[in-house]
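Structural characterization, general
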Amino acid sequence: KTMSSAEPSDVQMEPDPTATHRFQVELEFVQCLANPKYLTYLAQHNYFKEAEFVNYLSYLQYWKEPVYVKYIKYPHCLHMLDLLQEKPFRDELINVPCSNFIEDQQMKHWASHFRRRMNIINNCSIKKEETAVQAESEQNMS
């Protein structure tokens, strides 16, 4: 087949290295937004005062779409991305106590999430054991 008569499924497309690199850079940057200390750094260096940078933050909201969100390892970054759309939040980040407060809240959330998850896992294993014991006793009765 010539290239012009080839079916789309016959053509093996190489990934565009520029697009791949851009994807990786944007993914890394978005995930950095989960770090309150980094946000304070950006605020203290006046990034949030630049219209282009604020527009870039708005553009990055595509990461919340299901096709992209599956690549996110630090989900707090998406919440921070939402908050960064608001000027008062961006303005407050210049203050170190603000980033310390956010970091404390993240730690409390993670600790609470871990405890809840362990309780769910423990409860599931207890129920499995109870079900197994009940099934065994029913089998012994028959």
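Above this note sits the structure.
Let us look at the structure shown here. (Residues numbered from 1 in each chain as written. Predicted model: local features only at pLDDT ≥ 70, side-chain atom pairs only at ≥ 80, totals over all residues. Heavy atoms only, no water.)

1. A short note on the nonpolar core
Selection rule: Only buried residues count toward a nonpolar core, which is a set of Ala, Val, Leu, Ile, Met, Phe, Trp, Tyr and Cys residues joined through side-chain atoms within 4.5 Å. In this scheme, a residue with accessible area under 20% of its type's maximum is buried, one over 50% is exposed, and one in between is partly exposed, where area comes from a 1.4 Å probe on protein chains only. By the criteria applied, helices consist of DSSP H or I runs no shorter than four residues and strands consist of E runs no shorter than two, each listed in order from the N terminus. Any pair of residues with heavy atoms lying within 4.5 Å of one another is described as a contacting pair.
Counting residues in hydrophobic clusters, the biggest one holds 24 residues, and the most contacted among them are L33, L39, F48, L57, W63, L84 and L93. When residues of this core are traced back to their parent elements, those giving at least two are α1 (17-32), α2 (36-44), α3 (51-59), α5 (76-83) and α7 (96-141). Ranked by residue count, the leading element in this core is α5, at four residues. Among all residues touching W63, those that are not within four sequence positions of it are F23, E26, L27, V30, Y68, V69, Y71, I72 and L78.

2. Looking at α2
Formally: To be clear, the arc concerns the directions from the helix axis to the C-beta atoms. Polar contact is the term for a pair of N or O atoms within 3.5 Å; when the atoms are in protein, one must be able to donate a hydrogen and the other to accept it, and sequence-neighboring residues count only if both atoms are side-chain atoms.
What α2 keeps buried is the set P36, L39, T40, L42 and A43. Buried residues of α2, viewed axially, fall in a sector of 160°; they line one side. The N-terminus of α2 is capped by N35, whose side-chain oxygen sits 2.9 Å from the backbone nitrogen of K37. Downstream of α2 by one or two residues, N46 has phi in the positive range, about 65°.

3. Observations regarding the side chain of R90
Inclusion rule: Charged residues are defined here as Lys and Arg on the positive side and Asp and Glu on the negative side; His and the ends of the chain fall outside this count. A pair is scored as a salt bridge if a Lys or Arg side-chain nitrogen falls within 4 Å of a carboxyl oxygen belonging to Asp or Glu.
You can see R90 is positioned in helix α6 (residues 87-92). The buried charged residue R90 lacks any salt bridge, with D91 as its nearest oppositely charged partner at 5.8 Å. Ignoring any residue separated from it by four or fewer positions in sequence, one finds R90 in contact with A43, F48, V54, L84 and Q85.

4. Remarks on the environment of N55
Along the polypeptide, N55 turns up in helix α3. Taking the C-alpha atoms as reference points, N55 and Q85, 30 residues apart in sequence, are found 9.1 Å from one another.

5. Some words on unusual backbone geometry
Positive phi values are uncommon outside glycine, yet N46 reaches one of about 65°. A relative accessible area of 36% places N46 in the partly exposed class.

6. Focus on α3
Looking at α3, one finds that the buried residues are F53, V54 and L57. Each buried residue of α3 lies within a common arc of 100° when the element is viewed along its axis, so the set occupies one face. Relative to its buried face, α3 has exposed residues pointing more than 90 degrees away, namely A51, E52 and N55.

7. Digging into the packing of α1 against α3
Put simply, the rule reads: Axis lines are fitted through C-alpha atoms, for helices just across the contact stretch, and the angle between N-to-C directions can take any value from 0 to 180 degrees. To sort the angles, those under 35 degrees are grouped as roughly parallel, those over 145 as roughly antiparallel, those from 65 to 115 as roughly perpendicular, and the leftovers as oblique. Charged means Asp, Glu, Lys or Arg here, nonpolar means Ala, Val, Leu, Ile, Met, Phe, Trp, Tyr, Cys or Pro, and polar covers whatever is left, Gly included.
Put simply, α1 and α3 touch, their axes get as near as 12 Å, and they point 100° apart. With respect to α3, the axis of α1 lies roughly perpendicular. Contacts between α1 and α3 involve R22, E26 and F29 from the former and F53, Y56, L57 and Y59 from the latter. The residue makeup of the contact of α1 with α3, split by class, is five nonpolar, no polar and two charged.

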